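# Per-entry structural report
Residues per chain are reported as follows:
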Amino acid sequence: TRPSTTFKYKSRMPSIARVEADYEGNDITVNIRMYTGVVYVYIYDVNGNVVGTTLADIDSDGTFKIDVGNLKEGIYTISLVLSNATYEGKFEVLE
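The text that follows walks through the structure, step by step, so that each part is easy to find. None of these values were measured; they are calculated from a predicted model.

Rules used throughout
Residues numbered from 1 in each chain as written. Predicted model: local features only at pLDDT ≥ 70, side-chain atom pairs only at ≥ 80, totals over all residues. Heavy atoms only, no water. Helix = DSSP H or I, 4+ residues; strand = E, 2+ residues; numbered from the N terminus. Polar contact = N/O pair within 3.5 Å; in protein donor to acceptor, adjacent residues only side chain to side chain. Contact = heavy atoms within 4.5 Å. Buried < 20%, exposed > 50% of the residue type's maximum accessible area, 1.4 Å probe, protein only. Salt bridge = Lys/Arg side-chain N within 4 Å of Asp/Glu carboxyl O. Core = buried A, V, L, I, M, F, W, Y, C linked by side-chain atoms within 4.5 Å.

## With respect to the side chain of Thr77
With respect to the helices and strands, the residue Thr77 is situated in strand E4 (residues 74-81). A polar atom in the side chain of Thr77 sits 3.0 Å from the side chain of Lys90. In contact with Thr77, other than residues within four places in its own chain, are Tyr42, Ile43, Tyr44, Glu88, Gly89 and Lys90.

## Structural notes on the environment of Ser83
Along the chain, the position of Ser83 falls in the loop between E4 and strand E5 (86-93). In sequence terms Ser83 and Val38 are 45 residues apart; their C-alpha atoms lie 7.3 Å from each other.

## With respect to the environment of Ala85
Locating Ala85 in the fold gives a position in the loop between E4 and E5. Classification of Ala85 as buried rests on a relative accessible area of 13%.

## A few points about the pattern of salt bridges
Here the structure, examined in full by the defined rule, presents one salt bridge. The residue Glu20 makes a salt bridge to Arg33 at a minimum N-O spacing of 3.6 Å. Taken as a pair, Glu20 in strand E1 (residues 18-24) and Arg33 in strand E2 (residues 27-44) lie far apart in primary sequence, 13 residues in all. A relative accessible area of 33% places Arg33 in the partly exposed class.

## A word on the environment of Ser60
Looking at where Ser60 falls in the secondary structure, it is placed in strand E3 (residues 50-67). Given the relative accessible area of 36%, Ser60 is considered partly exposed. Placed 28 residues apart in sequence, Ser60 and Ile32 show a C-alpha to C-alpha distance of 8.1 Å.

## Some remarks on the nonpolar core
Taken as a class, soluble globular proteins show a tendency for nonpolar side chains to be buried jointly. If you look at the biggest cluster of nonpolar residues, it comprises 20 residues, and the most contacted ones within it are Val39, Ile43, Phe64, Ile66, Ile78 and Phe91. Residue assignment for this core shows that the elements contributing at least two residues are E2, E3, E4 and E5. Per element, the largest residue contribution to this core is seven residues, and it comes from E2. Residues within four places of Phe91 in sequence aside, it is in contact with Tyr23, Ile28, Ile43, Val68, Leu71, Gly74, Ile75, Tyr76 and Ile78.

## Some points on unusual backbone geometry
Here Met34, not a glycine, exhibits a phi torsion of approximately 60 degrees, which is positive. By the secondary structure assignment, Met34 is in strand E2. Take Met34: its relative accessible area is 48%, and that puts it in the partly exposed class.

This is the structure in structure tokens:
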């Protein structure tokens with residue numbers, strides 16, 4: 001008999017969207033170009049716990065802000081989930 005193998009298939013295609021983020025003060029400003037649709041935003045602490053979520057509706061090009069002023073000092077991961085790609089980055093909150 002042949003050993004069983006499990007495959008995970010991801011239906012995401014390479015993205016042409018352009019994503020930029022800038023962290024200043026208590027806000028992360030996200031700029032997304034060449035994308036239309038909903039963006040789901042998740043913020044994780046260093047232990048992988050979700051500490052913040054939001055969503056934004058983008059029409060071709062768009063900018064939105066995420067208030068992170070309520071987060072404690074530490075390093076966080078931000079995950080931006082588009083319909084066809086996921087972008088991740090890290091930021092540090094200092095008090």
